[in-house]
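Single-letter residue listing:
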Amino acid sequence: MPKTYWVAQVQVHDPDRYALYAKGAGEAFAKHGGRALARGGRLHWLEGVERPRGVIIEFDSMEAAQACYQSSEYQDARRHREGAADFHLVLVEGLEPSPSEQAE
């Protein structure tokens, strides 16, 4: 089963409220097996509308990523983000592991 990546582009307007979101979202990610691969590091924007913060969270499956998003924990955290940041989010399913990767 391929991994799924939660990819967000963010422009924070209210850092205090966004910090409350980030704390609650982190707890939801942990509960649903999400692992942060990138969160707030340097960006080099190439195309599209620039957002200065990027986030990538890895989940074991599309179902796990969707369950996290729909969970009461994440939705509670999300309320802190509303109005505190412009937020674009997409779930991207990764490639199927190759046979040699499956054997490991």
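Our focus in this paragraph is the pattern of salt bridges. This structure, assessed with the given rule, holds seven salt bridges. Residues Glu27 and Lys23 are paired through a salt bridge, measuring 2.8 Å at the closest nitrogen-oxygen approach. Of the two residues, Glu27 and Lys23 both sit in helix H1 (residues 15–31), four residues apart, roughly one turn of that helix. By relative accessible area, which is 46% here, Glu27 ends up partly exposed. Among the ionic pairs, Arg35 bridges to Glu58, the shortest N-O distance being 3.2 Å. Of this pair, Arg35 sits in strand S2 (residues 35–39) while Glu58 sits in strand S3 (residues 53–59); the two residues are 23 residues apart in sequence, bridging distant segments of the chain. Put simply, Lys3, Arg35, Glu58 and Asp60 are held in one network by salt bridges that share partners.

Moving on, we come to the sheet that holds S2. The strand order across the open sheet formed by four strands is S2-S3-S1-S4, and the pairing between neighbours is antiparallel. A strand with exactly one partner marks an edge of an open sheet, and here the two such strands are S2 and strand S4 (85–93). Sheet twist, expressed as the mean angle between neighbouring strand axes with direction ignored, is 15 degrees. Bridge analysis of strand S1 (residues 4–12) against S4 gives nine bridges, and the strand direction is antiparallel.

Bringing the environment of Arg81 into the picture now. Turning to its location among the elements, Arg81 is positioned in helix H3 (residues 72–81). Since its relative accessible area comes to 9%, Arg81 is described here as buried.

Once that is clear, we can look at the nonpolar core. Judged by nonpolar contacts, the single largest core of 18 residues is most densely connected at Trp6, Tyr21, Phe29, Phe59, Tyr74 and Phe87. Elements that contribute at least two residues to this core include exactly S1, H1, S3, helix H2 (62–70), H3 and S4. The element that contributes the greatest number of residues to this core is H1, accounting for five residues. In this structure Phe59 touches Lys3, Thr4, Trp6, Phe29, His32, Gly33, Gly34, Arg35, Ala64, Ala65 and Cys68, once residues within four positions along its chain are discounted.

The next thing to look at is the pairing of S3. Burial analysis of S3 places five of its seven residues in the buried class, which makes it a mostly covered element. Across four bridges, S2 lies against S3 in antiparallel orientation. Paired with Ala36 across the two strands is Ile57, which belongs to S3.

The rules behind these values
Residues numbered from 1 in each chain as written. Predicted model: local features only at pLDDT ≥ 70, side-chain atom pairs only at ≥ 80, totals over all residues. Heavy atoms only, no water. Salt bridge = Lys/Arg side-chain N within 4 Å of Asp/Glu carboxyl O. Helix = DSSP H or I, 4+ residues; strand = E, 2+ residues; numbered from the N terminus. Buried < 20%, exposed > 50% of the residue type's maximum accessible area, 1.4 Å probe, protein only. Pairing = 2+ DSSP bridges. Axes fitted to C-alpha atoms, helices over the stretch in contact; angles between N-to-C directions. Core = buried A, V, L, I, M, F, W, Y, C linked by side-chain atoms within 4.5 Å. Contact = heavy atoms within 4.5 Å.

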